[in-house]
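# Notes for the structure review
Okay, here's what each chain looks like letter by letter:
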2 protein chains.
Amino acid sequence: MGMNYSLPESFTSYRDTVRIELRRVIDDCPPSLRDVLGYHMGWQDESGRACDGESGKFVRSSLCLLSCEAVGGDISQVMPAAAAVELIHNFSLIHDDIQDASCERHHRPTVWRLWGQPQAINAGDAMLTLAYLALLKLREKGVPDEKTAISTQMLTLACLELCEGQYLDLEYENRFDVTVEDYLDMAAKKTAALLGVSASLGAYLGNECSGLVDCLRIYGKELGIAYQIRDDIIGIWGVKESAGKSAGDISRRKKALPVVYGLQNSRGAEKERLEELYAQESIEGGDITEVRRLLEELGARDYAENLGEQYYCRALAQLAAGGLDASRQAPLREAACFLVKRNF
Amino acid sequence: MGMNYSLPESFTSYRDTVRIELRRVIDDCPPSLRDVLGYHMGWQDESGRACDGESGKFVRSSLCLLSCEAVGGDISQVMPAAAAVELIHNFSLIHDDIQDASCERHHRPTVWRLWGQPQAINAGDAMLTLAYLALLKLREKGVPDEKTAISTQMLTLACLELCEGQYLDLEYENRFDVTVEDYLDMAAKKTAALLGVSASLGAYLGNECSGLVDCLRIYGKELGIAYQIRDDIIGIWGVKESAGKSAGDISRRKKALPVVYGLQNSRGAEKERLEELYAQESIEGGDITEVRRLLEELGARDYAENLGEQYYCRALAQLAAGGLDASRQAPLREAACFLVKRNF
């Protein structure tokens, strides 16, 4: 896992189309909101001028469109759903950055750093609302109203899970007794629910009515957990340059999987020291290095990598279980491989 | 306008039914979110025990149901929409309280005071999501999917206007050159859009397809502006005991209508003094009394009361324009009268 994996073609091929759809939704906003949201999305600088910033990996929209293609659907019909899941993700990022007091995202100041917390809360709210506006464009694509209504319900339930996961993630920050099981419950909600619905919406709207929709939902969920575990590993051991993030997850005392495992499986002096480090308001400097070393000695990194691998395999097993042809599985396998083995 | 107006029967008669619908939606939440949201709604105390706190006036749900009845619709069918608009309102209150750093609502600590800002942001997000879940229960009532989809669109557009209005409201705090026109634009979005969609959803789902839906939307919008103006007057001159709020709108330097008018229409020493008072980080003690006095001398209170009266009359005119029988207009007229003449 030491190599540098770049975005696979299955991801990059949809990027521009998704970006156009997202811009169409956000550009329809009143100018005030458009500037903040356009900045967050990376296509405007803070004074509203066009720029070419990073918009993220478009993981959720890609999963949606790949699932649609895997069941033989028409991706242009499904584009509103792809935009919607991406907007939900971005709403949660804007609020996340406030909640975690994160100063940077994609090497730029976060929205709250530039516009202040009150306007950043509001920008996130607008982004969440826009997700529904984006999804409702399904009607313009000729998708039957019943499917639009059911899609809205699917998205809403996933969004509620996301909120519950976020509640747990925040709550865990102040606890030392979080178990691996607690962690997996949180990751399933905070991250995997949205990846699950991204994949299932793609299949559902791609005109698949069989159990395949459910297989793809589970594929997305298992993959989502593997993805979150990978994120945790990068958050602790990742290099700032490649990840666009520092060891911020340590300093913010996030209960990332390796930390949860470490606290749960250490004894005596090691446990005491780890708890002492995590009892601080913030973890800085040499203490970060010490946390990394303690976790490595406890086997927490290996444990997390192995568990991530297990969820990755479970995701792939769903593709086989769904009965997809090998050729139709290929792009979804490639996407999964990238998501759980990436270094950024 | 010196008398004490109590809630009219048209409001109290629906209260319990709406509360049951709201509880049904919120009680379906995971326990973590349910406790925070149930606290905000007033039916739980901070430790999760049932209590009988204040839930607000249920203005938006009442308008929705009154409009439905006015067009001869079945209120039980429209209940999901009534719950949805109330949830949208409450999501905005939870976030508003963070944005304004308000410590109290309905004589109790605000959500962020008890759970902290990060969890309060998350609770508001969950409440917004629940509004969609509530609305989608239209499907269980046998409402056709097309109507459900269109209702979702109507609600979403109003919610986006609300976000834009909130943006403006926050942005005005740091400006001295806000005009009455700017103010009305903000109030139309921040407050009136949701009252407008509340009334129009009630009529639309009450099976009215004519221009009456539009008249009721405008009725709600005009009334919403009058309602916001009344809120501003109460926020400056209201008594703490009856309003459940102090002169917080002054101390937080809100650009309430009387203040906007005062800044725009003062000259010389008066203008200088008012600007000096509003240049402070926060306005406290004797300065609050002075702001009140200055505004009264400038005729700002009379101006606001007159302008509110004008919007109130325009709201009533829409009822007549819509061609509703006098008997069908009566509850909507009564509701409007209460909303713009109340003291709390």
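Conventions adopted
Residues numbered from 1 in each chain as written. Chains lettered and ligands numbered in written order. Predicted model: local features only at pLDDT ≥ 70, side-chain atom pairs only at ≥ 80, totals over all residues. Heavy atoms only, no water. Helix = DSSP H or I, 4+ residues; strand = E, 2+ residues; numbered from the N terminus. Buried < 20%, exposed > 50% of the residue type's maximum accessible area, 1.4 Å probe, protein only. Contact = heavy atoms within 4.5 Å. Areas by Shrake-Rupley, 256 points an atom, 1.4 Å probe, with all protein chains shown as cover. Least-squares fit on C-alpha atoms with pLDDT ≥ 70 in both. Salt bridge = Lys/Arg side-chain N within 4 Å of Asp/Glu carboxyl O. Buried area = accessible area lost by both parts, 1.4 Å probe. Polar contact = N/O pair within 3.5 Å; in protein donor to acceptor, adjacent residues only side chain to side chain. Nonpolar A, V, L, I, M, F, W, Y, C, P; charged D, E, K, R; others polar. Axes fitted to C-alpha atoms, helices over the stretch in contact; angles between N-to-C directions. Left-handed = near helix turned anticlockwise from the far one by under 90°. Expected span 1.5 Å × (residues − 1). Phe/Tyr/Trp six-rings, centres within 6.5 Å; stacked < 30°, edge-to-face > 60°. Lys NZ or Arg CZ within 6 Å of the ring centre and 35° of its normal. pLDDT = per-residue confidence, 0-100. Core = buried A, V, L, I, M, F, W, Y, C linked by side-chain atoms within 4.5 Å. Disulfide = S-S within 2.5 Å. Parallel < 35°, antiparallel > 145°, perpendicular 65-115°, else oblique.

Broken down by element type, chain A carries 16 helices and two strands. In terms of principal-axis extent, the alpha carbons of chain A reach across some 65 × 50 × 35 Å. In chain A, buried positions account for 61% of the 344 residues. Summarising the internal contacts of chain A: among those between residues at least 6 apart in sequence, 74% fall at separations of at least 24. If you sum the accessible surface of chain A, you get close to 12,600 Å²; carbon and sulfur atoms cover 47% of it.

Placing chain A over chain B gives an RMSD of 0.0 Å and needs a rotation angle of 180°, together with 0.0 Å of translation along the axis. One copy is carried onto the other by what is essentially a two-fold rotation axis. Residue Asp145(A) of chain A places its C-alpha closer to the rotation axis than any other residue of that unit, at 2.7 Å. In this assembly the copies share their binding face: 100% of the residues contributing to the interface of chain A also contribute to that of chain B.

This part is about the pattern of salt bridges. Two side chains of opposite charge can pair, provided their charged atoms sit close to one another. Within the structure shown, the criterion is met by 54 salt bridges over all chains. The residue Asp97(B) makes a salt bridge to Arg105(B) at a minimum N-O spacing of 2.8 Å. Of the residues examined, Arg105(B) reaches a relative accessible area of 24% and is grouped as partly exposed. Here Lys254(B) ties to Glu173(B) by a salt bridge, and the two come within 2.9 Å at their closest N and O atoms. Separated by 81 residues along the polypeptide, Lys254(B) in the loop between helix H11 (248-251) and helix H12 (257-265) and Glu173(B) in the loop between helix H7 (145-172) and helix H8 (180-205) bring together distant segments of the chain. Assigned by exposure class, Lys254(B) and Glu173(B) land together as buried. Each of Asp96(A), Asp100(A), Asp169(A), Glu173(A), Lys190(A) and Lys254(A) takes part in one network of salt bridges that share partners.

On the chain B side, the residues contacting the 39 residues of chain A number 39 residues. Carbon and sulfur atoms supply 71% of the area that chain A and chain B bury against each other, a total of about 3,700 Å² over both sides. If you look at where chain A meets chain B, you find zero salt bridges. Connecting chain A to chain B are eight residue pairs in polar contact (both at pLDDT 80 or more). Mapped by element, the contributors of at least two residues to the side of chain A that touches chain B are helix H2 (31-41), helix H4 (75-99), helix H6 (117-136) and helix H7 (145-172) of chain A. Top element by residues in the side of chain A that touches chain B is H7(A). It accounts for 16 residues. A breakdown of the residues in the side of chain A that touches chain B according to their chemical character gives 22 nonpolar, eleven polar and six charged.

Residues and elements named next belong to chain A. One can describe the packing of helix H13 (residues 268-278) onto helix H14 (residues 286-297) by two numbers: an axis separation of 11 Å at closest approach and a directional angle of 145°. Note on packing geometry: the crossing formed by H13 with H14 is left-handed. From H13, Glu270, Arg273, Leu274, Leu277 and Tyr278 reach across to H14, where they touch Asp287, Glu290, Val291, Leu294, Leu295 and Glu297. Taken together, the residues that form the contact of H13 with H14 break down as six nonpolar, no polar and five charged.

A word on helix H9 (residues 212-237) of chain A. An ideal rise of 1.5 Å per residue puts 38 Å on 26 residues; H9(A) measures up with 37 Å between its terminal C-alpha atoms. Most of H9(A) is tucked away: 22 of the 26 residues are buried.

This paragraph deals with H8(B). All names here are of chain B. A rise of 1.5 Å per residue sets the reference length of H8, with its 26 residues, at 38 Å; its end C-alpha atoms lie 35 Å apart and thus fit the reference within 8%. For H8, a buried count of 23 out of 26 residues is recorded, marking the element as mostly surrounded by other parts of the structure. Positive phi shows up at Asn207, right after H8, with a value of about 75°.

Within the structure shown, the criterion is met by five aromatic pairs over all chains. Measuring from centroid to centroid gives 3.5 Å for Tyr132(A) and Tyr132(B), while their planes differ by 0°, and the two rings are stacked. Separated into two different chains, Tyr132(A) in helix H6 and Tyr132(B) in helix H6 (residues 117-135) make up a pair that spans both. Taking the relative accessible area as the measure of exposure, Tyr132(B) reaches 2% and is therefore buried. Between Arg113(A) and the ring centre of Trp112(A), over which it is positioned, the NZ or CZ distance is 5.7 Å.

With that settled, consider the confidence of the model for chain A. Residue-level pLDDT values for chain A average 92, and 96% of them are 70 or greater. Two numbers describe this predicted complex: its pTM, 0.95, and its ipTM, 0.95.

Below, the discussion takes up the nonpolar core. Counting residues in each nonpolar core, the largest one holds 240 residues, and the members touching the most others are Tyr219(A) and Tyr219(B). Setting aside its immediate chain neighbours within four residues, Tyr219(B) contacts Leu63(B), Ala199(B), Ala315(B), Gln318(B), Leu319(B), Leu332(B), Ala335(B) and Ala336(B).

Tallied over the entire structure, the rule returns zero disulfides over all chains. Free of any disulfide, Cys337(A) has its nearest cysteine sulfur in Cys313(A), 11 Å distant.

All names here are of chain A. Take Asp45: it is sitting in the loop between H2 and helix H3 (59-70). For the pair Asp45 and Ala82, spaced 37 residues apart in sequence, the C-alpha separation works out to 25 Å. Among all residues touching Asp45, those that are not within four sequence positions of it are Tyr39, Cys51 and Arg108.

As for its position among the elements, Ser251(B) is in helix H11. The residues contacting Ser251(B), other than those within four sequence positions of it, are Ser282(B), Ile283(B), Glu284(B) and Ile288(B).

A separate point is unusual backbone geometry. The backbone of His106(A) sits at a positive phi, close to 50°, despite the residue not being glycine. For His106(A), the location among the structural elements is in the loop between strand E1 (104-105) and strand E2 (108-109). Overall, the relative accessible area of 26% leaves His106(A) in the partly exposed class. In this structure, Phe58(B) takes a positive phi of about 55° despite not being glycine. Note that Phe58(B) resides in the loop between helix H2 (31-41) and helix H3 (59-70).

Moving on, we come to the packing of helix H1 (residues 9-27) of chain A against H3(A). Residues and elements named next belong to chain A. Where H1 contacts H3, the two axes come as close as 9 Å, and the packing angle between them is 105°. Accordingly, the angle class assigned to the pair H1 and H3 is roughly perpendicular. Together, Ser10, Phe11, Tyr14 and Val18 of H1 and Val59, Ser61, Ser62, Leu65, Leu66 and Glu69 of H3 make up the contact between the two elements. Split into classes, the residues belonging to the contact of H1 with H3 amount to six nonpolar, three polar and one charged.

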